[in-house]
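# A structural walkthrough
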Amino acid sequence: MNKIINQILDLAKKKAEAAEVILVEGKESPVEFRSGKLHSVEHKEIKGAGLRVVRHGRIGFSSTTDFDKLPALVDHAAAGAAFGQQAVFNFPAGCKPAGVKTVDPQLEKFTPAQAVAEGQKALGILAQKAPALKCDIGLNKKFYHVSLANSRGFCGEYDKTSFSYGLSGVTIINGSLTFIEQERRRGKLDLATSEMTAKMVRMYQDAKKTAKLAAGKMPVLFTPEAMSLLWMSIALGVNGKAEQKKTTPLLGRLGEKMLDPRITVSDDPLLPYGLASAPFDDEGVCGAKLDLFHQGGFKNFIYDLQTAGILGKRSTGHGRRSFGAQPSPQVSNLVIAGGKTKLAQMIRNMDSGLIVYDLLGAGQSNIMAGDFSVNIGLGYKVEQGKIVGRVKDAMIAGNVYDLLKNKVLEISSETEAMGSYGISTNTPAMLFDGMNVAAK
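Fair warning: this is a prediction, and the values are worked out from it, not measured in the lab.

## Things to note about the overall build of the protein chain
On a plain count of helices and strands, the protein chain comes out with 10 helices and 20 strands. In terms of overall size, the protein chain behaves like a compact globule, its C-alpha atoms giving a radius of gyration of 24 Å where 440 residues would be expected to give roughly 22 Å. The burial tally for the protein chain puts 53% of its 440 residues in the buried class. Within the protein chain, residue pairs in contact and separated by at least 24 positions form 72% of the contacts whose partners lie at least 6 positions apart. Within the structure as shown, the protein chain displays about 19100 Å² of accessible surface, and the carbon and sulfur contribution to it stands at 50%.

## A short note on the packing of helix H1 (residues 3–13) against helix H2 (residues 70–80)
Viewed as axis vectors pointing N to C, H1 and H2 meet at an angle of 45 degrees, and their least axial separation amounts to 10 Å. Overall, the two elements H1 and H2 adopt an arrangement that is oblique. The two elements H1 and H2 cross, and the hand of that crossing is right-handed. Each of Ile 4, Gln 7, Ile 8, Leu 11 and Ala 12 in H1 lies in contact with H2, whose residues at this interface are Leu 70, Pro 71, Leu 73 and Val 74.

## Focus on the pairing of strand E15 (residues 352–360)
Bridge count for strand E8 (residues 216–222) against E15 is three bridges, and the pairing is parallel. Note that in E15 the partner of Val 220 across the bridge is Leu 354. Where E15 meets strand E16 (residues 371–383), eight bridges bridge the pair, whose relative direction is antiparallel. Paired with Ser 352 across the bridge in E16 is Glu 383.

## Comments concerning the packing of aromatic side chains
Following the criterion strictly, the structure yields nine aromatic pairs and no others. Ring geometry for Phe 298 and Phe 301: centres 5.0 Å apart, planes at 90 degrees, overall edge-to-face. We note that Phe 298, like Phe 301, is buried. With centroids separated by 5.9 Å and ring planes inclined at 85 degrees, the aromatic side chains of Tyr 357 and Tyr 380 adopt a geometry described as edge-to-face. Of this pair, Tyr 357 sits in strand E15 while Tyr 380 sits in strand E16, and the two are 23 residues apart along the sequence. Accessibility expressed as a relative area gives 15% for Tyr 357, which makes it buried.

## Description of the side chain of Ser 29
Structurally, Ser 29 can be placed in strand E1 (residues 18–34). If we skip the residues at most four places from it in the chain, Ser 29 touches Glu 42, His 43, Pro 112, Leu 139, Asn 140 and Lys 141.

## Examining unusual backbone geometry
Here Ser 35, not a glycine, exhibits a phi torsion of approximately 50 degrees, which is positive. Its place among the elements puts Ser 35 in the loop between E1 and strand E2 (37–41). Unusually for a residue other than glycine, Asn 174 sits at a positive phi of about 50 degrees. Residue Asn 174 is classed as partly exposed on the basis of its relative accessible area, which comes to 49%.

## Thoughts on the pattern of salt bridges
One side chain can pair with another of opposite charge once the charged atoms of both are near each other. Under the counting rule described, the total for this entry stands at 16 salt bridges. The closest approach of N and O atoms between Arg 52 and Glu 283, which form a salt bridge, is 2.9 Å. Here the residue Arg 52 occupies a position in strand E3 (residues 44–55), and Glu 283 occupies one in the loop between strand E9 (265–267) and strand E10 (290–294), the gap between them amounting to 231 residues. Note on Arg 52: relative accessible area 2%, which makes it buried. Through salt bridges with shared partners, a single ionic network connects Glu 20, Arg 52, Glu 283 and Arg 321.

## Observations regarding the state of the cysteines
With the rule as written, the count across this model stands at one disulfide. Each sulfur of the disulfide joining Cys 95 and Cys 286 lies 1.9 Å from the other. The sign of the 70 degrees torsion about the S-S bond sets the Cys 95-Cys 286 disulfide as right-handed. Of this pair, Cys 95 sits in the loop between H2 and helix H3 (105–109) while Cys 286 sits in the loop between E9 and E10; the two residues are 191 residues apart in sequence, bridging distant segments of the chain. Cys 95 sits in the partly exposed class, given a relative accessible area of 29%. For Cys 286, a relative accessible area of 21% puts it in the partly exposed group. For Cys 155, which is in no disulfide, the shortest distance to another cysteine sulfur is to Cys 95 and amounts to 12 Å.

## Regarding the UniProt feature "domain: Metalloprotease TldD/E N-terminal" (unreviewed entry) in the protein chain
Annotation from UniProt places "domain: Metalloprotease TldD/E N-terminal" (unreviewed entry) at residues 19–80. Along residues 19–80 one finds 18% helix and 65% strand; the C-alpha atoms at either end are 13 Å apart.

## Some words on helix H4 (residues 112–129)
If you check H4, its first and last C-alpha atoms are 26 Å apart, about what 18 residues at 1.5 Å a residue would give, namely 26 Å. Those residues of H4 not exposed but buried are Ala 115, Val 116, Glu 118, Gly 119, Ala 122, Leu 123 and Leu 126. Projection of H4 onto a plane perpendicular to its axis shows the buried side chains occupying an angular sector of 165 degrees, all on one side. Residues of H4 that are exposed and point over 90 degrees away from its buried face: Ala 113, Ala 127 and Gln 128. Buried positions along H4 lie against E1, E2, strand E5 (134–150), strand E6 (155–173) and helix H5 (193–207).

## Considering a nonpolar patch on the surface
A cluster of nonpolar side chains, contributed by Ile 172, Leu 177 and Phe 179, occupies part of the molecular surface with about 340 Å² of accessible area. When its relative accessible area of 60% is taken as the criterion, Ile 172 is described as exposed.

What counts as what
Residues numbered from 1 in each chain as written. Predicted model: local features only at pLDDT ≥ 70, side-chain atom pairs only at ≥ 80, totals over all residues. Heavy atoms only, no water. Helix = DSSP H or I, 4+ residues; strand = E, 2+ residues; numbered from the N terminus. Rg over C-alpha atoms; globule rule 2.2 N^0.38 Å. Buried < 20%, exposed > 50% of the residue type's maximum accessible area, 1.4 Å probe, protein only. Contact = heavy atoms within 4.5 Å. Areas by Shrake-Rupley, 256 points an atom, 1.4 Å probe, with all protein chains shown as cover. Axes fitted to C-alpha atoms, helices over the stretch in contact; angles between N-to-C directions. Parallel < 35°, antiparallel > 145°, perpendicular 65-115°, else oblique. Left-handed = near helix turned anticlockwise from the far one by under 90°. Pairing = 2+ DSSP bridges. Phe/Tyr/Trp six-rings, centres within 6.5 Å; stacked < 30°, edge-to-face > 60°. Salt bridge = Lys/Arg side-chain N within 4 Å of Asp/Glu carboxyl O. Disulfide = S-S within 2.5 Å. UniProt positions renumbered as here; feature names shortened; annotations may be inferred. Expected span 1.5 Å × (residues − 1). Arc of directions from axis to C-beta. Patch = residues over 30% accessible without salt bridge, like charges linked within 9 Å, V, L, I, M, F, W, Y side chains within 5 Å.

Below, the structure written as structure tokens:
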């Protein structure tokens, strides 16, 4: 175990009843293109430590990136405990982590020069097939080491890789500013340049025509990109902190059929190369795949140590944080089971309706309650199973729980890994019936 952790723990034990240290060290290599030209190739160090103590029964916390000032780190955490919450947990003494793939050797070998070449390849394809788009590209590789130890004897560490690859293009079509983008976030190298650029070109070609949309109720197909908004609401709803504060619509609903029986949602911290995969959570509790909804039935809230203690429960291994913050319950990788119909067939099956890729303004909705009313950033009208043009100046509104329980028409057999809204998901597309659409 890192000497820094032992030094911090030794100092903390002199001032507190219990202590826990998390240490993160690593590097990242972001490469960025702006407006079709290489803008920057950077190398950044990732380094920091967080200390949580229990002193006189209360929680104190401090963090630092300066390892020459460890006594000050301990002093600040101990002093902060006077104003902290009453601790209602004990740090775990240990657990037996299951094997999980968190490091991709291919990504470790991936160089900034290769990232630049991949970005130039994407720009070349888009310049040829979608010349009107002004494109930005970002590729970022991270490799870091996480160490965690506490005064009860827990001691664990693991390596982690992650990779993000984003393409975005902007242009004016029929007098309207049009944004088209694709993004991949994984725990491993995923150079899906051909797939991503082909999808962007298709979306660009479909956007060249503008389709008139009449307001009213209609079928709406949420692509995996758009589904992320719905899963963000679900992630907030199953959070034990929301149960503690009595702000979730799932309060008192354990065991009830809250979603369509075709929907099973699991949280899987052991998903191979998942964006949030780890052998244990950020409090040293070993996690495992946990059904949140099984065939529509609500099965579990998620907890960290403190929230579980307050509610008289046990941690589910969902205490998550950066080194600069205290843990709180957060989902790891949400895995949603796919359906039986290919996405392309789902579109062909639509007599008329709407496909949405990008939604704007979710922050203005009461997403905790499941309510949303959002602008359609990028969406297309469908007639007789074919895309007939992009829609403009349109909004959709609804309630996430109502949609997922009462309005699911079809679920795609394909799933895609997404990393939007700060949540790692592996989700299918879904077609909903009778959604409220407003349009000028």
